[in-house]
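Each chain is listed here by its residues.
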Amino acid sequence: MIVRARLEERGFTLTELVVVMVLASVVTLGLVIFYLHAQLIWMEGSTQALAQRDGTALVEFITTRARACQSATVIDSPDPLHQKIILVDQLGESDFRWDLADSLVHADTLIAGVWNDKGPAVQSKVTRFQLERDANLVFLNMLEVESANGAKVQLSSTAAFYNR
């Protein structure tokens, strides 16, 4: 006796299709959330790295100028959290000051008795700029730079006068 196998042709049911679509949607949603979260973390890290870079550049700029100077004066400008340092070297006087108008540290030079603003030393906003002067040293006690997303980066440094 020959038995014939019956082949049943069967398609997808609506229930199977809905289950597959829901699972695919959950996986896609998970991937999108993961991507957006990774992008957010990368942006936060990038803005902090830029603020760190600007803070380091400002510290190096001030340190280089302080090492070449003969004397320095630190004054509160406009308050003890935001100060100004005036450096005197063979070429004349220059300073670094925090500007209330834009919250940036500006570099100035004294030419013919008039302070000339050379513009911001770096482009990141500074929330604290505290200095101190000793006999042969300049202390940058606190440089607090704010990143674009509001995170704060703190730096400090010390420079000695070499041309004293």
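A brief look at the structure comes next. Per-chain numbering applies: the sequence of each chain, read as written, is numbered from 1 onward. Only residues with pLDDT of at least 70 are given local features in this predicted model, and only at 80 or more are side-chain atom pairs given and counted; all residues enter the totals for whole chains, interfaces and linings. Side-chain numbers here rest on the full set of heavy atoms in the structure, without hydrogens or water.

With that settled, the discussion passes to the overall build of the protein chain. When its secondary structure is counted, the protein chain shows one helix and eight strands. Labels follow the DSSP assignment, with helices taken as runs of H or I lasting at least four residues and strands as runs of E lasting at least two, numbered in each case from the N terminus. When the helices and strands of the protein chain are listed from N to C terminus, the series reads α-β-β-β-β-β-β-β-β. In this setup the radius of gyration rests on C-alpha atoms only. A globule is expected at 2.2 Å times the number of residues raised to 0.38. Computed over C-alpha atoms, the radius of gyration of the protein chain comes to 31 Å, more than 25% over the 15 Å expected from 2.2 N^0.38 for 164 residues, which places it beyond the range of a compact globule. The classification of residues rests on relative accessible area computed with a 1.4 Å probe and restricted to protein chains. Under 20% of the type maximum is buried, over 50% is exposed, and intermediate values are partly exposed. Looking at the protein chain as a whole, 29% of its 164 residues qualify as buried. Restricting the contact set of the protein chain to residue pairs at least 6 apart, pairs at least 24 apart contribute 39%. We treat Lys and Arg as the positive residues and Asp and Glu as the negative residues; His and chain ends play no part in the count. Taken as the charge centre is NZ of Lys, CZ of Arg, CG of Asp or CD of Glu, depending on the residue. Put simply, the protein chain has 14 plus and 19 minus side-chain charges, and the middle of one group is 6 Å from the middle of the other. Contact criterion: two residues are considered in contact whenever any of their non-hydrogen atoms come within 4.5 Å of each other.

A separate point is the pattern of salt bridges. When a carboxyl oxygen of Asp or Glu is within 4 Å of a side-chain nitrogen of Lys or Arg, the pair counts as a salt bridge. Counted by the stated rule, this structure contains seven salt bridges. Residues R97 and D99 are paired through a salt bridge, measuring 3.4 Å at the closest nitrogen-oxygen approach. On the basis of relative accessible area, D99 is assigned to the buried category, the value being 17%. Of the charged contacts, one joins D108 and R97 as a salt bridge, the two residues approaching to 2.5 Å between their closest N and O atoms. Placement of D108 in strand 4 (residues 104–111) and of R97 in strand 3 (residues 92–99) is noted, with a sequence separation of eleven residues between them. Exposure remark for R97: the relative accessible area of 16% places this residue in the buried category. Salt bridges linked by common partners bring R97, D99, D108 and D117 together as one network.

Looking now at the packing of aromatic side chains. Centres within 6.5 Å are what make two rings of Phe, Tyr or Trp a pair, Trp counting through its six-membered ring; a difference in plane orientation under 30 degrees is then read as stacked, over 60 as edge-to-face, and the rest as tilted. With the rule as written, the count across this model stands at one aromatic pair. Between F61 and F96, the aromatic rings sit 5.1 Å apart at their centres with planes inclined by 80°, giving edge-to-face as the arrangement. Taken together, the positions of F61 in helix 1 (residues 14–68) and F96 in strand 3 put the pair 35 residues apart, joining distant regions of the chain. On the accessibility criterion, F61 (37% relative accessible area) is partly exposed. Relative accessible area serves as the criterion here: at 2%, F96 is assigned to the buried category. In this scheme, the term charge over a ring applies when either NZ of a lysine or CZ of an arginine sits within 6 Å of the ring centre and within 35 degrees of the ring normal. Seen from the ring of W115, K84 lies directly overhead, with NZ or CZ sitting 4.9 Å from the centre.

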